[in-house]
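# Descriptive analysis of the structure
So the chains spell out like this:
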Amino acid sequence: TATGAACRAAAARAAAAAATATRAALPKPTAAVAARAATGGAGAASLALLATCGAPGRPTVAVQAEGSWTPELHDGIRIFVWGQRNAFPASDRDPAPEADLRSPTEVMWFRQHAEQQQCRWRQVAFGPSFGAARTDSGKLFAWGSCKGGREGRGRSFLEPQPLYFDDLGPDTQFRDVQCSESAVWALTADGEVVVWERVPSMISERASSSSSRAPKHFGGGKRINGLDRPVRDMSIGASHAAFLTNDGECYCLGSNRCGECGADPAVQGSATACRRIRFPRHVNPVARVSCGRSHTVAVGAEGQVLAWGDDSKIQLGLGDTRSNVGDERPWEGSRGYLNMIQTGEPMATPSALRGAPGVQSTSRARATSTSAGRYGEFEAHAQWKPTPMMEIPLEFERQVHGTPYPPPDGLVCGDDFTILMVRDSPDWFSPQEESNRLFCCGENGKGQCGRSMQAQQQILSATKLPRCSLTHSLSCGSKHCLAVLQRVGQKKQELWAWGSNDKGQAGGTAGVTCPAARLRLPRDTRVEAAWCGFSSSAVICSDRRPSSRSLALPHAPMPSSETAFSAGGEIRERPKVLARSASEEEEQAASRSGPALTHDQRPSASTATGDEDKE
């Protein structure tokens, strides 16, 4: 007993010393987490893990915007925008488009402002008819459009103008900005949440007033009260919001029609004040949270993924809850065959042969649901209590070994779908060789899951993206997604898009982009981060530094948007549609680099894109 007490005392002193050293080197919110970990309270080990900000090689600070995951260090001076014209940041140098933009278009106002003010752009957010942007110095700018114009037709556009919070003045620094259906939300450097409500009405009044009288900035704003501690992260959905305080507590505010704010919708239709979410044991402190239109998803301290709210499109990741029959996948296909070889348990009978004479019944070959989500005949498909997600189904390469996926590193939500970003490379790989995968569940009617159009809704399945790649930035709009990824062994970062394209938000001319397709940007740009909002898209880019080889070559005429350089250096015509699917990218990459690496040459936990189920 005396030896055990001495060991516990020594461990406590070591933990306090480690927390003190960590607190001195971390930003303010994370330092508070480390301070609580040193007290040895409940969840001290999890808090200490959060204070260290993840594993080496990963970004230590990230912006978790509505449907977005982007490392904070990725910024640039150039912004390209496309999609719905109503949210386009028009100005004197950037005339308002006559129709929706179907290809990335650079907004020169952002570059001019960045060069004049010696700043860089770090974040872009969109509403249905307005938008906001944030610089690396914490300044906000807003723009928008409204119905109007000549003879009451068309739309009137307002160019980007500074957005101030009147209570704190123009010197306020913000570290996050997001948009809902009718408001702009921002998070100050001190952890206060500020909201500017009725933004479309504010833009309409500004557009109708005289240009000489109107101020050159937007004002107003009010604080969100009811939070006990400073906020370190927030996620804004279409009609509700979620906040994470620096001690790991989660609060929700807004609509509660489907229980997305953690209350019984039959009793409380909306959360008019910040409501603390009660989680099961060992979940607090919450690591990250994301909001969809009517559902909320959070990642706990030990990697648990919990979801609550609307589940009508199986976007909560509870499995296929559209029926209560059960799951037969462990006994069918390749998984059932491997299970039969290893255990001798028979495979499930095909549905076409069930009920035939002499055929064994398959009632026992049905696994119970991995979640508690079961719905009655006339019961609403919704969960107002946080419910654990099902485990990510193993792909073909992992089924033999049974190696589960680690907890997700990123989490984003669209209107009615959810995406988890999970590492798929072995943990002993160096940061340069690390790769990850995206797993999506929910509505897939417009290709939101980026895999195939085979099912209207789908459970957690991998998105088709290039094999052995690392996703640096991920963002979701209402029905489309953007990802910035880098292939292992290459320095270039690529932009990929998938989902609905009715407003051109996914690039190209097709109405739906599925599976994911690559979007091309000018050769002199380097894509840093992608941002989506409703039916609009944007990327932040920096200027690409010319290589020494390109500087030594004689200058050639720059190709237009419809031409491109061939391998021999001559200019050839390029198709107008600049989006290519993942399969075409893989074929061209294989033809350029020769035969692909085998599993023995590169020991990875999963090969290729996981695109086809090898059954």
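Heads up: the structure comes first, above all this text.
The structure presented is a predicted model; accordingly, all values stated were derived computationally and were not measured. (Residues numbered from 1 in each chain as written. Predicted model: local features only at pLDDT ≥ 70, side-chain atom pairs only at ≥ 80, totals over all residues. Heavy atoms only, no water.)

Looking only at helices and strands, the protein chain has nine helices and 33 strands in total. Within the protein chain, buried positions represent 50% of all 615 residues. Put simply, of all contacts in the protein chain between residues at least 6 apart along the chain, 57% involve residues at least 24 apart. Surface summary for the protein chain: the accessible area is close to 29200 Å², and the carbon and sulfur share equals 51%. (Helix = DSSP H or I, 4+ residues; strand = E, 2+ residues; numbered from the N terminus. Buried < 20%, exposed > 50% of the residue type's maximum accessible area, 1.4 Å probe, protein only. Contact = heavy atoms within 4.5 Å. Areas by Shrake-Rupley, 256 points an atom, 1.4 Å probe, with all protein chains shown as cover.)

Turning our eyes to something else, we now look at the pairing of strand E26 (residues 480–487). The side chains of a regular strand alternate between the sheet's two faces. Of all the eight residues making up E26, seven are buried; the element is thus mostly covered by neighbouring parts of the structure. Across seven bridges, the pairing between strand E25 (residues 469–476) and E26 is antiparallel. Pairing of Leu-474 across the sheet is with Ala-483, part of E26. Inspection of the sheet shows E26 paired to strand E27 (residues 493–500) by seven bridges, in the antiparallel sense. Each bridged residue has a counterpart across the sheet, and for Cys-481 the counterpart in E27 is Trp-498. As consecutive antiparallel partners, E26 and E27 are separated by five residues, and within that stretch Gly-489 has a phi angle of approximately 90 degrees, a positive value. (Pairing = 2+ DSSP bridges.)

Evaluation of the coordinates by the stated rule reveals 18 salt bridges. Measuring nitrogen to oxygen at the nearest pair gives 3.4 Å for the salt bridge that ties Asp-524 to Arg-78. One end of the pair, Asp-524, is in the loop between strand E28 (512–519) and strand E29 (525–533); the other, Arg-78, is in strand E3 (residues 78–83), and 446 residues separate them in sequence. The closest approach of N and O atoms between Glu-528 and Arg-526, which form a salt bridge, is 3.4 Å. By relative accessible area, which is 10% here, Glu-528 ends up buried. (Salt bridge = Lys/Arg side-chain N within 4 Å of Asp/Glu carboxyl O.)

It is worth spelling out the sheet that holds strand E6 (residues 130–135) at this point. Pairing in this open sheet of four strands is antiparallel, and the strands run E5-E6-E7-E8 from one edge to the other. The sheet is open, and its two edges are formed by strand E5 (121–126) and strand E8 (155–162), each paired on a single side. Pairs of neighbouring strands in the sheet enclose a mean axial angle of 10 degrees, with direction left out of account. Contacts between helix H5 (residues 199–208) and the sheet are confined to E6, strand E7 (140–147) and E8, with E7 contributing the most and set at about 75 degrees to the helix. (Axes fitted to C-alpha atoms, helices over the stretch in contact; angles between N-to-C directions.)

Pairs of aromatic rings are described using the distance from one ring centre to the other and the angle between the two planes. For the structure on display, the rule yields 13 aromatic pairs. Ring centres 5.6 Å apart and planes at 75 degrees place the aromatic pair Phe-110 and Trp-143 in the edge-to-face group. Taken together, the positions of Phe-110 in helix H4 (residues 108–117) and Trp-143 in strand E7 put the pair 33 residues apart, joining distant regions of the chain. Judged by relative accessible area, Trp-143 falls into the buried class, the value being 1%. Grouping aromatic residues by their ring pairs yields a cluster made of Trp-109, Phe-110, Trp-121, Phe-126, Phe-141 and Trp-143. Over the ring of Tyr-405 we find Arg-398, and its NZ or CZ is 4.0 Å from the ring centre. (Phe/Tyr/Trp six-rings, centres within 6.5 Å; stacked < 30°, edge-to-face > 60°. Lys NZ or Arg CZ within 6 Å of the ring centre and 35° of its normal.)

Quick look at the environment of Val-283 now. Topologically, Val-283 is positioned in the loop between strand E16 (270–276) and strand E17 (288–291). Taking relative accessible area as the criterion, Val-283 reaches 3% and is therefore assigned buried. For the pair Val-283 and Val-305, spaced 22 residues apart in sequence, the C-alpha to C-alpha distance is 9.1 Å. What Val-283 contacts, discounting residues up to four positions off in sequence, is Gly-300, Ala-301, Gln-304 and Leu-306.

Turning next to H5. Every buried residue of H5 is accounted for by Val-199, Ile-203 and Arg-206. The buried residues of H5 occupy an angular sector of 65 degrees when projected down its axis, which confines them to one face. Opposite the packed face of H5, turned more than 90 degrees from it, sit the exposed residues Glu-205 and Ser-208. For H5, the elements touching its buried residues are E6, E7, E8, strand E10 (184–188) and strand E11 (193–196). (Arc of directions from axis to C-beta.)

For the rest of this paragraph, the subject is the sheet that holds strand E15 (residues 250–255). Spatial strand order, E13-E14-E15-E16: four strands in an open sheet with antiparallel pairing. The open sheet terminates on both sides in strands that have one partner only, identified here as strand E13 (231–236) and E16. Going across the sheet, the axis of each strand differs from the next one's by a mean of 10 degrees, ignoring polarity. With five bridges connecting them, E13 and strand E14 (residues 240–245) associate as antiparallel partners. Each residue of the ladder has a partner; that of Asp-233, found in E14, is Leu-244.

What follows deals with the environment of Asp-171. In this structure, Asp-171 sits in the loop between E8 and strand E9 (174–179). Taking the C-alpha atoms as reference, Asp-171 lies 8.1 Å from Lys-139; in sequence the two are 32 residues apart.

Within an α-helix, residues lying three or four positions from one another point in the same direction, as the helix has 3.6 residues per turn. Along H4, the residues classified as buried are Trp-109, Phe-110, Arg-111, His-113 and Ala-114. Looking one or two residues beyond H4, the residue adopting positive phi is Gln-118, at roughly 55 degrees.

All right, on to the environment of Ile-314 then. Mapped onto the secondary structure, Ile-314 falls in the loop between strand E19 (305–310) and helix H6 (333–343). On the basis of relative accessibility, which here comes to 1%, the residue Ile-314 falls in the buried class. Separated by 127 residues in the primary sequence, Ile-314 and Cys-441 place their C-alpha atoms 6.9 Å from one another. In this structure Ile-314 touches Gly-319, Asp-320, Thr-321, Arg-322, Cys-441, Gly-442, Gln-457, Gln-458 and Ile-459, once residues within four positions along its chain are discounted.

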